[in-house]
Amino acid sequence: YTLAAAGVGLLLLTFVLGTEVNGQRLTLQIGPFSGQPSEFLKVILVVFLAGYLSENRSLLMEQDTRLGPLRLPPVPYLAPMVVMWAIALGIVVVQRDLGAALLFFGVFLAMLYVATGRVSLVVIGLVLFVLGSLLMANLFDHVRLRIDIWLDPFADPLGAGFQVVQGLHA
């Protein structure tokens, strides 16, 4: 918990002491060193989740809570992990570091499935992913632009769609 809290603290520190690079305040600079705390948090989150899941695997395997046809692990044992993950995810979404947010979500879902073997958690996760993607596409113009480019990169092959077009040619 201490390591995860320190990682989240570093992420929060970018709001106050972060330097702006390419229009986003995601980088901390301490003397000659600079970096994005979200990169550290990626590793920290995996270690935290792995430790928590290994300690509580048997408790999470119990079938305690039902949500319609879905069986969920007992909420008291799932909550600390979900809260830590949700705080980290919320901060990177506010920072508009959506790549890190997607990675946090994918790692959380994959590790939870590997630890519990519950397909219901994957189904819930995929539904939440679709809903979150729709929300992000409506909230952030650059996400909508990326989707448009992905759908039709040849609309502007020498400008916005250049990377996708070159990838397709390669």
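Refer to the structure presented above.
None of the values given here were measured: they were computed from a predicted structure. (Residues numbered from 1 in each chain as written. Predicted model: local features only at pLDDT ≥ 70, side-chain atom pairs only at ≥ 80, totals over all residues. Heavy atoms only, no water.)

Chemist: Help me understand the overall build of the protein, please; the structure alone is not making it clear to me.
Modeler: A tally of helices and strands in the protein yields seven helices and five strands. The linear arrangement of helices and strands in the protein, starting from the amino end, is α-β-β-β-α-β-β-α-α-α-α-α. With the C-alpha coordinates of the protein rotated into their principal frame, the extents come out at 55 × 45 × 30 Å. Considering the protein as a whole, with its 170 residues, one finds that 33% of them fall into the buried category. (Helix = DSSP H or I, 4+ residues; strand = E, 2+ residues; numbered from the N terminus. Buried < 20%, exposed > 50% of the residue type's maximum accessible area, 1.4 Å probe, protein only.)

Chemist: How do you make sense of the pairing of strand E2 (residues 24-30) when you look at a structure like this?
Modeler: Regular strands place side chains that alternate from one sheet face to the opposite one. Where strand E1 (residues 19-21) lies against E2, three bridges are found, and the strand directions are antiparallel. Following the sheet pairing, Glu 20 is matched in E2 by Arg 25. Looking at chain direction, E2 and strand E3 (residues 33-35) are connected through three bridges and run antiparallel. In the strand pairing of E3, Ile 30 is matched with Phe 33. (Pairing = 2+ DSSP bridges.)

Chemist: What's the story with the pattern of salt bridges in this structure? I'm lost.
Modeler: Taken as a whole and assessed by the stated rule, the structure comprises two salt bridges. A salt bridge links Lys 42 to Glu 39; the shortest N-O distance between them is 3.1 Å. With Lys 42 and Glu 39 both in helix H2 (residues 37-61) and three residues apart, the pair spans about one turn of that helix. The class of Lys 42 is partly exposed, set by a relative accessible area of 22%. With relative accessibility at 41%, the residue Glu 39 sits in the partly exposed group. Between Asp 141 and Arg 144 there is a salt bridge, with its nearest N and O atoms 2.7 Å apart. (Salt bridge = Lys/Arg side-chain N within 4 Å of Asp/Glu carboxyl O.)

Chemist: What is the right way to read the sheet that holds E1 from this model?
Modeler: Through backbone hydrogen bonds, the strands of a sheet pair up, either in parallel or in antiparallel fashion. Taking strand neighbours across the sheet as the criterion, the three strands line up as E1-E2-E3 in an open arrangement whose pairing is antiparallel. For this open sheet the edge positions go to E1 and E3, each flanked by a neighbour on one side alone. Here the strands of the sheet are splayed against their neighbours by 40° on average, with no regard to which way each runs. Along the sheet face, helix H1 (residues 2-17) touches E1 and E2 and points at about 95° away from the line of E2. (Axes fitted to C-alpha atoms, helices over the stretch in contact; angles between N-to-C directions. Contact = heavy atoms within 4.5 Å.)

Chemist: Where do I start with a nonpolar patch on the surface in this structure?
Modeler: The grouping of Leu 102, Tyr 113, Val 114, Val 119, Val 123, Val 127, Leu 128, Phe 129, Val 130, Leu 131 and Leu 134 at the surface amounts to a nonpolar patch, some 1,000 Å² of accessible area in total. Examining the composition of the nonpolar patch, we find that eight residues originate from one element, helix H5 (residues 119-139), more than from any other. (Patch = residues over 30% accessible without salt bridge, like charges linked within 9 Å, V, L, I, M, F, W, Y side chains within 5 Å. Areas by Shrake-Rupley, 256 points an atom, 1.4 Å probe, with all protein chains shown as cover.)

Chemist: Looking at this structure, I do not really get the packing of H2 against helix H4 (residues 98-116). What am I missing?
Modeler: Relative orientation of the contacting elements H2 and H4 amounts to 20°, with a least axis distance of 9 Å. Between H2 and H4, the interaxial angle falls into the category roughly parallel. Like other packed secondary-structure pairs, H2 and H4 cross with a definite hand, here right-handed. From H2, Ser 38, Leu 41, Lys 42, Leu 45, Val 46, Leu 49, Ala 50, Leu 53, Arg 57, Leu 60 and Met 61 reach across to H4, where they touch Ala 100, Leu 103, Phe 104, Val 107, Phe 108, Met 111, Leu 112, Ala 115 and Thr 116. Here the contact of H2 with H4 is composed, by residue class, of 16 nonpolar, two polar and two charged. (Parallel < 35°, antiparallel > 145°, perpendicular 65-115°, else oblique. Left-handed = near helix turned anticlockwise from the far one by under 90°. Nonpolar A, V, L, I, M, F, W, Y, C, P; charged D, E, K, R; others polar.)

Chemist: How should the nonpolar core be read in this particular structure?
Modeler: One recurring pattern in soluble globular proteins is that nonpolar side chains are buried together. Formed by 30 residues in total, the largest nonpolar core has its most connected members in Met 81 and Phe 104. Looking at this core element by element, the count peaks at nine residues for H4. Residues within four places of Met 81 in sequence aside, it is in contact with Phe 48, Leu 49, Tyr 52, Leu 53, Phe 108 and Leu 112. Leu 98, Met 136, Ala 137 and Val 143 belong to the second-largest nonpolar core, a separate cluster that totals five residues. (Core = buried A, V, L, I, M, F, W, Y, C linked by side-chain atoms within 4.5 Å.)

Chemist: What should I look at first to understand the packing of H4 against H5 in this one?
Modeler: The relative placement of two packed helices is expressed as an angle between their axes plus a distance between the axes. Two numbers describe how H4 lies on H5: the axes approach to 9 Å, and their chain directions differ by 170°. Viewed along their axes, H4 and H5 adopt a mutual orientation that is roughly antiparallel. The residues of H5 that touch H4, namely those facing Leu 98, Leu 102, Phe 105, Leu 109, Leu 112, Tyr 113 and Thr 116, are Val 119, Leu 121, Val 122, Gly 125, Leu 126, Leu 128, Phe 129 and Met 136. Grouping the amino acids of the contact of H4 with H5 by side-chain chemistry returns 13 nonpolar, two polar and no charged.

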